[in-house]
Amino acid sequence: PDDMDPADMPDDMEGDMDPVDMPDDMSNPGDVVDEVEPNNDPSTDTITAFTPGDTIRGTIAAYDGNNDIDVDFFRVTLSAGDVFQWTISNTGAGFASTGLGTAFQAEDGSFGLERYLSTNDTTLTRQVFIPEDGEYFIYFYDLAAASDTPANHGGATSTYEISTSIASLNPDALSVPGT
């Protein structure tokens, strides 16, 4: 179900199911950032940076036959108190049988979460509260990587597009009876 709060309908993301109204901030749409290979390992590869508001696009490459699977890492600098939001959409047919995985973590590994876009989903929106200033990674992978047949992993049609933003918190004021 969509978040039907009229105050944020013009810029609300489809499928916003948060119990607190957290509209995305589309007042300053960003650039399109395409992945640049190699970007599988932040300890050895140069990871493409983006800023909230940018749209991230990429392709999960096909399994190379050497037990190497493609994982696409991106880097973002965030501030304590931010609510970082990303929405996976426009996934290619290559994910139809397996799904797309996404994970978010602090650069130092101290904080993270992982979520999956199932084969029945067309979009997936996630939000995470940022506990401290710093560099964070968001990455994407084909769920076939964990299967017994990694040869089904990735390929030319395993494409994705991710919109990013800093969500605005709009808490409702509570009234206390009798005051």
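That block above? That's the structure.
Residues numbered from 1 in each chain as written. Predicted model: local features only at pLDDT ≥ 70, side-chain atom pairs only at ≥ 80, totals over all residues. Heavy atoms only, no water.

It is worth spelling out the overall build of the chain at this point. When its secondary structure is counted, the chain shows zero helices and ten strands. Along the chain direction, N to C, the helices and strands of the chain fall in the order β-β-β-β-β-β-β-β-β-β. Residues counted as buried form 39% of the 179 residues belonging to the chain. In the chain, of all internal contacts separated by at least 6 residues, the share reaching a separation of at least 24 is 73%. Only carbon and sulfur atoms are counted for the fraction: they give 51% of the accessible area of the chain, which is about 9600 Å². (Helix = DSSP H or I, 4+ residues; strand = E, 2+ residues; numbered from the N terminus. Buried < 20%, exposed > 50% of the residue type's maximum accessible area, 1.4 Å probe, protein only. Contact = heavy atoms within 4.5 Å. Areas by Shrake-Rupley, 256 points an atom, 1.4 Å probe, with all protein chains shown as cover.)

Take the side chain of aspartate 54 next. Examined against the element boundaries, aspartate 54 turns out to sit in the loop between strand S2 (48–49) and strand S3 (55–59). No salt bridge is formed by the buried aspartate 54. Its closest oppositely charged neighbour is arginine 57, at 12 Å. The contacts of aspartate 54, once residues within four sequence positions are left out, are Gly30, Asp31, Val33, Ile162, Ser163 and Thr164. (Lys, Arg positive; Asp, Glu negative; His and termini not counted. Salt bridge = Lys/Arg side-chain N within 4 Å of Asp/Glu carboxyl O.)

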